[in-house]
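Remarks on the overall topology
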Amino acid sequence: MKIIALPAFADNYIWLLHDGASALVVDPGDAQPVMQALQHEGLRLAAILVTHHHPDHTGGVQALREATGAPVYGPARERIPAPFSPLNGGDTLTALGIAWTVIDVPGHTAGHIAFYAAEVAGAPLLFCGDTLFSGGCGRLFEGTPAQMLASLDTLAALPGATRVCCTHEYTLSNLKFARAVEPLNHALIQYESECRALRERQMPTLPSLLSVERQINPFLRSRERSVKQAVQGHTPTADDDVAVFAALRQWKNGFQ
Ligand code: ZN
Ligand code: FE
């Protein structure tokens, strides 16, 4: 099984998973790079998975369905190009012979879902859309800080070996903020130099590893003393877990 990040737009990745004959794609904001990859590798499209309704994740769905007849799976509580199989947290589906579990992760959008498989080519795999990024998390367009914190807690509890397929290459700018929050985090400094080296060679920094994210991502670490103290230095009124998380997200929004 191969996992490929197809670049799209300025900084999106459309994830393509294939076994040499059949493929699935996740969040095809644009049909063209997907059609090219299918042709180039001689693949049949078996499924289209969608995490949330934003156009940079759904813009190619209609054209791909028309060109390939592939079934579309998406969040039950969001408007995505119909017809599609509506999914809620806890639902399961089989695609490419792999069993996927749907996880509700509201916050970036109200009905955002993620797709998790316990074993793909030897390790767990997560497609998390715009909920979790390497070193960061999605902006809160529709959900509350409490919802996003709960969603990230759910993802953070998955096995450390989980490969995290995020849909944007935001890693270096996220890590710049992460360093402002935790300047003494050595795992973070090390990880940033690895990611820099990848970007210098125009390589994706993704998928990331969940065990690494737990060490370096301030949005998975908002209860750690170091993060909490930094946030409270910035926003003294942030008292409980949700308030600290909300203030951390606010701080990032204004960070250059
Ligand atoms: Zn989005
Ligand atoms: Fe996006």
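Residues numbered from 1 in each chain as written. Chains lettered and ligands numbered in written order. Predicted model: local features only at pLDDT ≥ 70, side-chain atom pairs only at ≥ 80, totals over all residues. Heavy atoms only, no water.

Quick word on the state of the cysteines
Selection criterion: Pairs of cysteine sulfur atoms within 2.5 Å are what we label disulfides. Only protein chains enter the accessibility calculation, which uses a 1.4 Å probe; a residue is then buried when its area is under 20% of its type maximum, exposed when over 50%, and partly exposed in between.
As enumerated under the stated definition, the model contains 0 disulfides in all. Note on Cys128: no disulfide assigned, nearest cysteine sulfur contributed by Cys166 at a separation of 4.4 Å. Sulfur of Cys165: no disulfide; nearest cysteine sulfur belongs to Cys166 and is 7.5 Å away. A residue is classified by how much of its surface remains accessible, and Cys165, at 1% relative accessible area, is buried.

Description of the coordination of the zinc ion (ligand 1)
A four-donor tetrahedral metal ideally has 109.5 degree angles, and a six-donor octahedral metal ideally has angles of 90 or 180 degrees. Selection rule: Metal donors: N, O and S atoms at distances within 2.8 Å, or within 3.2 Å for Na, K and Ca, with water omitted from the atom set so that some sites may seem incomplete. Every geometry call rests on angle ranges, with four donors termed tetrahedral when all angles are between 85 and 135 degrees, four termed square planar and six termed octahedral when opposite donors are over 155 degrees apart and all others are between 65 and 115, and everything else termed irregular.
Within the protein, the atoms that donate to the zinc ion (ligand 1) are His52 (NE2), His54 (ND1), His108 (NE2) and Asp130 (OD), at distances of 2.2 to 2.3 Å. Here the zinc ion (ligand 1) is ringed by 4 donor atoms whose angles at the metal span 86 to 170 degrees, and the overall shape comes out irregular. Motif for the zinc ion (ligand 1), donor spacing along one chain: H-x1-H-x53-H-x21-D. Separation of the zinc ion (ligand 1) from the iron ion (ligand 2) amounts to 3.2 Å, with Asp130 serving as a shared donor to the pair.

What about unusual backbone geometry?
Excluding glycine, most residues fall at negative phi; most peptide bonds, likewise, are trans. Selection rule: Secondary structure elements are taken from DSSP: a helix is a run of H or I of four residues or more, a strand is a run of E of two residues or more, and numbering for both begins at the N terminus.
In the segment running from Ala82 into Pro83, the intervening peptide bond is cis, with an omega of 0 degrees. Along the chain, the position of Pro83 falls in the loop between β5 (72–75) and β6 (85–87). At the junction of Leu206 and Pro207, the peptide bond is cis and its omega measures out at -5 degrees in the coordinates. The topology assignment puts Pro207 in the loop between α6 (186–200) and β14 (208–209). Of note in the backbone geometry, Asp27 takes a positive phi value of approximately 55 degrees without being a glycine. If you trace the backbone, Asp27 turns up in the loop between β3 (22–26) and α1 (31–41). The backbone phi angle of Ala121 is positive, close to 50 degrees, even though this residue is not glycine. Here Ala121 shows up in the loop between β9 (113–120) and β10 (123–129).

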